[in-house]
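Observations on chain architecture
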Amino acid sequence: FVSTSFNNLEVVLPRSHSVEEFLQTKRDFASFGIYSKGSLKMWMEFYAPSNFINIEHYLEAGFDGAIINLDELLSNILGEDVRGLDMHHMSRYINVLISFLENNNFKKLRRANIPILISGKMALVEEVLGFFILNNAYGLILKNNNYQGLKEHVNFLEKKLLKIN
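Everything in this summary refers to the structure shown in the same document. (Residues numbered from 1 in each chain as written. Predicted model: local features only at pLDDT ≥ 70, side-chain atom pairs only at ≥ 80, totals over all residues. Heavy atoms only, no water.)

Observations concerning the overall build of the chain
Stated formally: For the purposes of this entry, the term helix denotes a DSSP run of H or I that reaches at least four residues, the term strand denotes a run of E that reaches at least two, and both are numbered from the N terminus. We compute the radius of gyration from the C-alpha atoms alone; for a globule the expected value is 2.2 Å times N to the 0.38, where N is the number of residues. A simple rule labels every residue: compare its accessible area, found with a 1.4 Å probe on the protein chains alone, to the largest value its type can have, and call it buried under 20%, exposed over 50%, or partly exposed in between. The contact criterion used is simple: two residues touch if any of their non-hydrogen atoms lie within 4.5 Å.
In terms of helices and strands, the chain carries nine helices and five strands. From first element to last, N terminus to C terminus, the chain shows the α and β order β-α-β-α-α-β-α-α-α-α-β-α-β-α. Relative to the globule expectation of 15 Å for 165 residues, the C-alpha radius of gyration of the chain, 17 Å, shows essentially globular dimensions. Each of the 165 residues in the chain was classed as buried or not, and the buried ones make up 39%. For the chain, restricting intrachain contacts to residue pairs at least 6 apart in sequence, the fraction spanning at least 24 positions comes to 63%.

Have a look at this one:
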């Protein structure tokens, strides 16, 4: 199937373990007529420390949006799977996650004016959500009905953060 026009379509590219693999994926999609142009947008998932360490190369390769999978990223930073932990146990790692982002090119991603979506249970931890609100995250990806009362909580948190800053 090859189409000459895609309207208002956003594609999340499969995970890439390296910039070369990311470029090959983009070439593979382009061979089917799917590439970032006009209203067709290509998003990249950030799930590994190397995605941030090599951010300049990924930015040069080009993508239109970033999805940061916080639980996967934290698991890869720690070298152990934290996805099965409850929120209380995951919250022990807030400083590890935020410190990693602050010290490993997150600001370069933000300065590139690329929309950022965050996903994972860690996105619901107040300090982490606050960090991303202050850094102009575009939105959240939620699973398993984790959205009850979230709109009110985000509105409250935004007002609280604006008063502090």
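What about the packing of aromatic side chains?
Note the threshold: Ring pairs shown here join Phe, Tyr and Trp side chains whose ring centres sit within 6.5 Å, with only the six-membered ring taken for Trp; geometry is labelled stacked below 30 degrees between planes, edge-to-face above 60, and tilted in between. The rule for a charge over a ring is simple: NZ of Lys or CZ of Arg within 6 Å of the ring centre, and within 35 degrees of the ring normal.
A full pass over the atoms with the stated rule returns 10 aromatic pairs. Arranged with centres 5.6 Å apart and planes meeting at 85 degrees, the rings of F106 and F132 form a pair that is edge-to-face. Within this pair, whereas F106 is found in helix α7 (residues 106-111), its partner F132 is found in helix α8 (residues 126-134), the two being separated by 26 residues in sequence. The pair formed by F106 and F132 is uniform in burial state, with each residue classed as buried. We note R15 situated over the ring of Y47; from NZ or CZ to the ring centre the distance is 4.5 Å.

As for the packing of α8 against helix α9 (residues 150-164)
Counted only if it meets this: Inter-axis angles, ranging from 0 to 180 degrees, are taken between N-to-C directions of lines fitted to C-alpha atoms, where helices are fitted over the stretch in contact. Should an angle lie under 35 degrees it is considered roughly parallel, over 145 roughly antiparallel, and from 65 to 115 roughly perpendicular; all remaining angles are considered oblique. Helix crossings are classified by the rotation of the near helix relative to the far one: an anticlockwise turn of less than a right angle makes the crossing left-handed, while a clockwise turn makes it right-handed. In this count, Pro and Cys sit with the nonpolar residues alongside Ala, Val, Leu, Ile, Met, Phe, Trp and Tyr, while Asp, Glu, Lys and Arg are called charged and the others, Gly among them, polar.
Packing of α8 against α9 brings their axes to within 10 Å, and their N-to-C directions diverge by 65 degrees. In terms of orientation, α8 and α9 fall into the roughly perpendicular class. Every pair of crossing elements has a handedness; the one defined by α8 and α9 is right-handed. Packed against α8, whose contacting residues are E126, L129, G130, I133 and L134, the element α9 presents H153, V154, L157, E158, K160 and L161 at the interface. Of the residues contributing to the contact of α8 with α9, the split by class is six nonpolar, two polar and three charged.

What to know about unusual backbone geometry
Look at N105: it is not a glycine, yet its phi comes out positive at around 75 degrees. Looking at the element boundaries, N105 is found in the loop between α6 (94-103) and α7. Although it is not a glycine, N136 adopts a positive phi angle of roughly 60 degrees. The residue N136 is located in the loop between α8 and β5 (139-141) in this model.

Let's talk about the sheet that holds β5
Spelled out, the test is: Pairing between strands requires that DSSP locate at least two bridges from one strand to the other.
Within the open sheet, the five strands sit side by side as β1-β2-β3-β4-β5. Their pairing is parallel. Strand pairing shows two members of the sheet lacking a second neighbour, β1 (9-12) and β5, which therefore form its edges. Strand-to-strand twist in this sheet, taken as the mean axis angle between neighbours without regard to direction, amounts to 25 degrees. As judged from the three bridges shared by strand β4 (residues 116-119) and β5, these two strands associate in the parallel manner. Across the sheet, the residue bridging to I118 is L140, located in β5.

Observations regarding the environment of Y93
Assignment of secondary structure puts Y93 in the loop between α5 (87-90) and α6. We classify Y93 as buried; its relative accessible area is 15%. On a C-alpha basis, the gap between Y93 and S75 in space is 10 Å, while along the polypeptide they are 18 residues apart. Beyond its immediate sequence surroundings of up to four residues, Y93 is in contact with L74, L78, E80, V82, L85 and M122.

Remember, this is a structural readout, not a statement about activity or role.
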